[in-house]
Amino acid sequence: MTIHLDVWLYGPVAQYAGEASQGSYAQLDVEMPEGCTLGDLVAHLEIPAEERWITFVNGSLAAL
């Protein structure tokens, strides 16, 4: 089973959205396997550790 995620990237990390990047932000609809973690999502988007800053999940601050 998969889950559907509405992912918004802001600032420099928006570039990791590829063609969905609007420059300073990007919105992606991502399908991931059920039970995936935030780390799995970041790996899927190929965002390097040095690019990860503040992350919100469902409106709550999440540490990476």
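Because the structure is predicted, anything quoted here is derived from the model rather than measured.

Engineer: Describe the overall build of the protein chain, listing the residues and the values that go with them.
Structural biologist: Helices and strands together make up the secondary structure of the protein chain, namely one helix and four strands. The linear arrangement of helices and strands in the protein chain, starting from the amino end, is β-β-α-β-β. Counting the 64 residues in the protein chain, one finds 23% classified as buried. Taking the intrachain contacts of the protein chain between residues at least 6 apart in sequence as the baseline, contacts between residues at least 24 apart amount to 42%. Counting every atom, the protein chain has about 4700 Å² of accessible surface; 55% of that belongs to carbon and sulfur.

Engineer: Please give an account of the packing of aromatic side chains that cites residues and values.
Structural biologist: Evaluated as defined, the whole model comprises two aromatic pairs. The interplanar angle of 15 degrees and the centroid separation of 6.3 Å between the aromatic rings of W8 and Y10 together place this pair among those described as stacked. Using a relative accessible area of 53% as the deciding quantity, one classes Y10 as exposed. Taking 6.2 Å as the distance between ring centres and 20 degrees as the angle between the ring planes, the aromatic pair formed by W8 and Y25 counts as stacked. With W8 in strand β1 (residues 2-10) and Y25 in strand β2 (residues 25-33), this pair connects stretches of sequence that are 17 residues apart. Classification of W8 as partly exposed rests on a relative accessible area of 42%. Ring-pair connections join several aromatic residues into one group, and the members of that group are W8, Y10 and Y25.

Engineer: Tell me about the nonpolar core, residues and numbers included.
Structural biologist: Membership of the largest hydrophobic core comes to 13 residues, with the highest contact counts inside it found for V7, L9, L28, V30, L41, L45 and I47. Secondary structure elements with two or more residues in this core: β1, β2 and α1 (38-44). Counting residues per element, this core draws most heavily on β2, at four residues.

Engineer: Report on the environment of W53, specifying residues and quantitative values.
Structural biologist: Tracing the backbone shows W53 in the loop between α1 and β3 (55-57). For W53, a relative accessible area of 69% puts it in the exposed group. On a C-alpha basis, the gap between W53 and P12 in space is 9.9 Å, while along the polypeptide they are 41 residues apart.

Engineer: Give me the lowdown on unusual backbone geometry, citing residues and values where you can.
Structural biologist: Notably, E46 is not glycine yet its phi reads approximately 60 degrees, a positive angle. Considering the arrangement of structural elements, one finds E46 in the loop between α1 and β3. For E46, a relative accessible area of 62% puts it in the exposed group.

The rules behind each value
Residues numbered from 1 in each chain as written. Predicted model: local features only at pLDDT ≥ 70, side-chain atom pairs only at ≥ 80, totals over all residues. Heavy atoms only, no water. Helix = DSSP H or I, 4+ residues; strand = E, 2+ residues; numbered from the N terminus. Buried < 20%, exposed > 50% of the residue type's maximum accessible area, 1.4 Å probe, protein only. Contact = heavy atoms within 4.5 Å. Areas by Shrake-Rupley, 256 points an atom, 1.4 Å probe, with all protein chains shown as cover. Phe/Tyr/Trp six-rings, centres within 6.5 Å; stacked < 30°, edge-to-face > 60°. Core = buried A, V, L, I, M, F, W, Y, C linked by side-chain atoms within 4.5 Å.

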